[in-house]
Every structure is written in C-alpha cells, then in structure tokens.
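The chain contents come next:
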Amino acid sequence: MITIKDLHASIEGKPILKGLNLTVKAGEIHAIMGPNGAGKSTLASVLAGREEYEITQGDVNFNGVDLLSLSVEERAREGLFLAFQYPVEIPGVSNINFLRTALNEIREHKGEKGISAKDFMSLVREKSALVELDSKLASRSVNEGFSGGEKKRNEIFQMAMLNPILSILDETDSGLDIDALRIVANGVNQLKTDQNATIIITHYQRLLDYIIPDFVHVLYDGKIVKSGGKDLALELEEKGYDWIKNNTLN
Amino acid sequence: MANYTEDDLAKELKDQEYKFGFVSDIDTDTIPIGLNEDIVRLISSKKEEPQWMLDYRLNALAIWSTMNEPSWAHVKYKKPDFQSIAYYSAPKQTKKYESWDDVDPEMKATMTKLGISMEEQQRLTGVAVDFVMDSVSVATSFKEKLGELGIIFCSFSDAVQNHPELVKKYMGSVVPTQDNYYATLNAAVFTDGSFCYIPKGVRCPMELSTYFRINAGGTGQFERTLVIADEGSYVSYLEGCTAPQRDENQLHAAVVELIALENAEIKYSTVQNWYPGDKNGLGGIFNFVTKRGVCEKNAKISWTQVETGSAVTWKYPSCILKGDNSVGEFYSVAVTNNYQQADTGTKMIHLGKNTKSTIISKGISAGKSQNSYRGLVQIHKNAHNARNFSQCDSLLMSSECGAHTFPYIECKNNSAKIEHEATTSKIGEDQLFYCKQRGISEEKAIGLIVNGYCKEVLNQLPMEFAVEAQKLLTISLEGSVG
C-alpha cells in the first residue's frame, strides 16, 4: 500500500528524517515508537504534505502513485488520512458541514455523485456511535470547545466518515484518560479491514494494549533502527529508550 | 435555495470576477452635469414635486454650499468633483408603469441578470421588491396585497405625491438636513428611493426589499429611504446594491431613516456589492451613506450589513435609543480586498432608561486593503441602567492589508454597563492545512473558514439573503490568502 524509500526531510535547513524506510501492506497495523525528537510527527506531517518540510531525498509510493508529487488535498482524496495530534478548531463551521464538504470532495475525486442529505445523516449516526460521540458534538463547530478526549474521538469519527485506505494516527493517545483511550482504540479496531492499513505513532506502549499492531518499529534520529512484532513494544516499555540509544551508538 | 450545494458554489466561483459589471442598454434621460440652484429646480420639476419639497431641497443646497467635506475617516481617495457629476439620470419611460407587464423588456432582463427576476420572486418567495435604477424607482411588486393591510411600500417620489403628510412629518427627523456633508448633499439632490409605512399593530407578512442599481456612467446615485413602523408593528427590510464595472469612481450618497414608534420593531438588512474597482484600485463606487434610526419606548431597531463592494465605504448605521427599554443592534461583516477601503461601524446613542445595544462587527481584510471599525457608544445622563455589548473582530488574510479599530465610549451615567471585546487574527495556516488534509480544496476551505467566522452576523439575515451573502464573501476573497 505504501512504500517509503530512503526518505530525507528537513525543516528550516535542519535534517529530521535521515533515510527512513518503511513498507506497509493492506490489512496491517504498524506502530511507530520512539523518543521525543526522533522524527515521529515529522513523518506524519511529511506524508500528509505539510509545506514547511523540505523533502531532500527519497520517494514514497502510495498505491502506485508518487505521493510526494501530490498536493495535500489530493493525498487526502487518494485515501490518506491523518488523525492530528492537536486537532484544529474552526469556529462557526459545523462538524457536519465540514465533513459533508470533505466527503463530497473525495467522492467527486472518485467520480461518484455527492451524497444525499438523508444518506449522509444516517452515516453520521452510524459512525458517531462507533466512537460514542454525542450527536450534539456532530452539529457543533469543528473541535470548538471540545475537551481533549472529545477532539481525539472526533478525529476517529472523521476517519470513520471518510473511510480512508491509510490512516496515520499521530499521538492519538496523548492526553486521553483510560476510558477515552478504550473508546478510541475500539473505534480504530472496528474500522480495520483487509483493504485498509493503519500507522500508529506513539510515545507510549499503552495504546498498543488496545490496538494490537502487526509490526512495531522504533524510530530514532530520523531512521527506523529496529523492527519487530508486538513484543518489541513491551520490551521497549521495560528497558526504556536508552536501550535503543545505547544500541544505536554501539 | 435549500438545495444549494458546494458544487453550485464551485461553479459560481469559476465566474469569480465582479459579475454585475455589465451595462444595460437602456435609454436614459440624464440632465447636464453640475450642481447649482437651477439643477436642483430642474430635478424637482422633473419629479413634478410640490413647492414644500423644492423648498426643502433649496435649503439643503444653501447649507451644503457652506460645508466642507469631512476628512476624519481612515480612508484616502481623490475628492469627487461635484460639478462633474450628473445628478439625475432615469431610464426613459413614456408612461408610468401600471403593472409589471408594462416594464421595459431590457429592464426586466437587467433584473433577471441580477438574480432578482420579479416574476420569480412573486411566485416563489413572497418578497416584495422595489427596484431603483440610477435615479428612479422602476417597479414595486406586491403593492396591492400589502395595501390590504394598510402597508405603504412605494418609491419615495410616489410617497411625496400621495402621502405628503407622512413624508413631511418624518423626512429629516432622524437625519436632519444639516447633519453631515453627504447627507446634506443628498437632501438637495436626492432623486428617488423607497418609502415604507407599517400601520399600528401590523406585522408585515413578507420581507420588503429594495434593489439599488447604478447603470448610467458619469452619474451619482442619491437615494433616500424612509421606513416608519407605527406603534406595535414589525417589518423586515432588505436592501441590495450593484453597479457596472467602470474605470471612473462613481458616487453613491444615500440617506436612510428608520422610525420605530412605541413597541415597534424594524429589521434592516443590507448586502452591499457596489463595484469595488479593479485589482489595481482603478474605478469603483464611493459609498458615503448616512443610516440612522430612532427608537421610541420599547422599540427595537436591528441593522445587519454585509459589505463586500465599493472602492471606499464610509457608513455608520446608528440607533438613537430615545424611548425607555428600547433596543439597538448592529451586526456587520465588512470585507475589503485589493485596494478597497472601508471605514464603517455604528453609533449607539442611549437616551432612555434601560436601553440596550449590541454591536457585533467582523472585519475581513485581504490584498492591500484597509478596513476600519469605528463605533461610538454614548450613554446620556438620564439613561439609567443602559447596557452595551460590543465585539469587534478582525481577520487578516494577507500581510499587506490593515485592520483598525476605533471604539469611542462616552458615558455620563454611572449605572451603565459597557463591555467591549476585540480580537485580531490571521487566517490560520493550521486551519487551512486541516481542511486540506480532509480533501477540501483551498478555495472551499477559505469559504468555510470565513463564513464560519461571520456566522453570528450571517445568522441575522433572512434565508435567501444569507445564501447570497455567503457566496459573495467567498467570491470576494478568492485567491487572497498570502
């Protein structure tokens, strides 16, 4: 589904990603862990197409297309979804209106007709139940006045509505209490099919108690330095990131 | 209207230039340029006015000739040469229109292009429309139906002829002849406008709408609107404006007076889309307008304006809260792009006890434009327990534009409570990125964000107008983030 080859990226001339390689296939869940400053969020931003980052080397193949040549919105319409670490507030714009606009842009891109109001509303009901999102939140302004947990659930709700083929969850667990964590994880698990894939970016192991990854990668200093199964996450949790740092230095 | 979708908007956005810039080929009767007593007499005789009206005009002209053009507003422009303007221009007509069927087909075509086909309007929406082109009112719909309720909705000239007692009593009662330079000029040379009277206890069953259009070149438009809501009545009044695209600056100096008698309510909404000039600031309308209303006991006046047009805008729809417990509201969105300049806001004059006012102003500046909010809240010494809440927000779309806020507060009663909030923000790169990451194009994202920002104001507009205003906002700001 996505193949990242020797990816180098920098911001304001400072290199952050330094030759990252990663392949994710349909039906897989990958977790990317690493200490602060390793480049985890940079990876998410670069894949989504944030303009502040300069790609200095490497390429990314997403379902047969050169991802890096596409604009932010084209990537989204091709099925790439980023659940934001800090979801953005858009005052005065209802969640519903926002999502309907987004959904119709994606449908138009696929050559499909716009969704009817009736079908859209039943989709909203179905998907908001998935993350136990109060239907009132669906009609409120995008993320405005939402609690931290509600914002993260809203991200997963949007993901459910837009039905992407690759979802990147950027520190979705940060700031969540245990109940919210369970709800978010539950939503992600239910959305999993053998047609889509998920990359979970996280600092802590605890989200992985609820979403079982097929692969765990450790990102350190702009590169993936270790890959393994779900046990790697536990090992990391136990030994700490210093274990990786020391290993890498040796 | 309810079926209006984002796709429709996208289609319209392709046609993003000022779409009302066409000129209609209609024979006009235009008098020679210049301003003097003879011209004023000529205008008055063209309109077959009674002597008292001519006297009113001549008095205004005499006062005006002693006045100086004000320069305190935060706008820069080349002063109009008042001697090179034609003060009267009217579509030629052989007889008065008795019914819609009598209206010149070319005129009908113009209205259709403007999206105000009256046949449509009459059939579908139940909005009564008065259409003022250049200097005269050409068509007023729904007259009979309104007449049954005793509502008078007609052109100002008709009112002078048919309801002189009302015109004499109220004209100039809120905006006196000597009020300010442009209002005084208007009093001397105004050519037409709309007049509306709602009798005691009547709730006007439909929106009343006036559509102003400047068509002829080299002319100015000076219309006057007078709305009187008698005791316990209600009316919602809409006003729309467009003009052709020309390289010259044209002057629009209108006067609007609202009178809300005891327990009456007037809601006055404007979507102002006069030609704003081109990308380099050439041409466009100078929009120098005086709008003011007076509230008697328990009355309410609510101004809502969406200002996207004009090269220079100078206007402050105001409320004189004369009666106890009266309420004044001002909701405004002012958008400036390219080289447009706007200095707009309101005045809330609290005279009565327990009077309340609310001011919500949203300025949006793009390109190299300058956008100023100027507002006065004045609490007089007998205005016990007066309340005011003001909120002035500015949104900057580029790094070369300017947003300014000039709030003035004068309080002479210490039981008053006045709150003022102001914010300035730049359209967020983060918000745009968030929208785009969901698949939304930049154009649509700006449309969403800006309309969301203005929501409190747009919500005040009647449905049809709100949709129109949303489209206008998006079109005015096309490609302006930078």
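It should be noted that the structure appears before, not after, this text.
Sequence order as written defines the numbering, with residues in each chain counted from 1. As a convention, the first chain written is A and the first ligand written is 1, with the rest following in written order. With pLDDT at 70 or above as the cut-off, local features in this predicted model cover only qualifying residues; side-chain atom pairs require 80 or more to be listed or tallied, and sums for whole chains, interfaces and linings still use all residues. Hydrogen atoms and water are omitted, and side-chain values are computed over all heavy atoms in the structure.

Asker: Mind showing me how you'd approach the side chain of Glu239 of chain B here?
Answerer: Residues and elements named next belong to chain B. One can find Glu239 in strand E9 (residues 234-242). Using a 1.4 Å probe on the protein chains alone, a residue whose accessible area is under 20% of its type maximum counts as buried, one over 50% counts as exposed, and one in between counts as partly exposed. According to the relative accessible area criterion, Glu239 is buried, its value standing at 3%. Pairs of N or O atoms are called polar contacts if they sit within 3.5 Å, as long as, within protein, a hydrogen donor faces a hydrogen acceptor (for residues adjacent in sequence, only side-chain-to-side-chain pairs). Looking at Glu239, its side chain comes within polar contact range of the side chain of Lys291, at 2.8 Å. Here a strand is any run of E in DSSP of at least two residues, a helix any run of H or I of at least four, and the numbering for each starts at the N terminus.

Asker: Looking at this model, I keep getting lost on the side chain of Thr202 of chain A. Mind explaining?
Answerer: Residues and elements named next belong to chain A. Here Thr202 shows up in strand E10 (residues 197-202). A polar side-chain atom of Thr202 sits 3.0 Å from the main-chain carbonyl oxygen of Tyr204. Apart from the residues lying within four places of it in its own chain, the contact partners of Thr202 are Ile32, Met33, Gly34, Lys40, Glu171, Asp173 and Tyr241. Any two residues whose heavy atoms approach within 4.5 Å at even a single point are treated as in contact.

Asker: Mind showing me how you'd approach the sheet that holds strand E1 (residues 2-11) of chain A here?
Answerer: Residue and element names in this part refer to chain A. With antiparallel pairing, the four strands of this open sheet are ordered in space as E2-E1-E4-E5. Strand pairing shows two members of the sheet lacking a second neighbour, strand E2 (14-24) and strand E5 (65-66), which therefore form its edges. Here the rule is simple: two strands pair whenever DSSP picks up at least two bridges between them. Pairing between E1 and strand E4 (residues 53-62): eight bridges, direction antiparallel. In the strand pairing of E4, Ser10 is matched with Glu54. Of the strands in this sheet, E1, E2 and E4 touch helix H1 (residues 40-48), which is tilted by about 105° from E1. Only the stretch in contact is used when fitting a helix axis, every axis being a line fitted to C-alpha atoms; angles between N-to-C directions are given from 0 to 180 degrees.

Asker: I'm lost on the packing of helix H10 (residues 429-437) of chain B against helix H11 (residues 442-453) of chain B in this one. Help?
Answerer: Any two packed helices are characterised by the angle at which their axes cross and by the distance between the axes. Residues and elements named next belong to chain B. Running from amino to carboxyl end, H10 crosses H11 at an angle of 125°, the nearest separation of the two axes being 9 Å. Judged by the angle between their axes, H10 and H11 are oblique. In this structure, H10 meets H11 at a crossing whose hand is right-handed. Of the residues in H11, those touching H10 at Gln431, Leu432, Cys435 and Lys436 are Glu442, Ala445, Ile446 and Ile449. Only Asp, Glu, Lys and Arg are considered charged, only Ala, Val, Leu, Ile, Met, Phe, Trp, Tyr, Cys and Pro nonpolar, and every remaining residue, Gly among them, polar. Partitioned by chemical class, the residues of the contact of H10 with H11 number five nonpolar, one polar and two charged. We call two directions roughly parallel when the angle between them is under 35 degrees, roughly antiparallel when it is over 145, roughly perpendicular when it lies between 65 and 115, and oblique otherwise. By convention the crossing between two helices is left-handed if the near helix lies anticlockwise of the far one by an angle smaller than a right angle, and right-handed if it lies clockwise.

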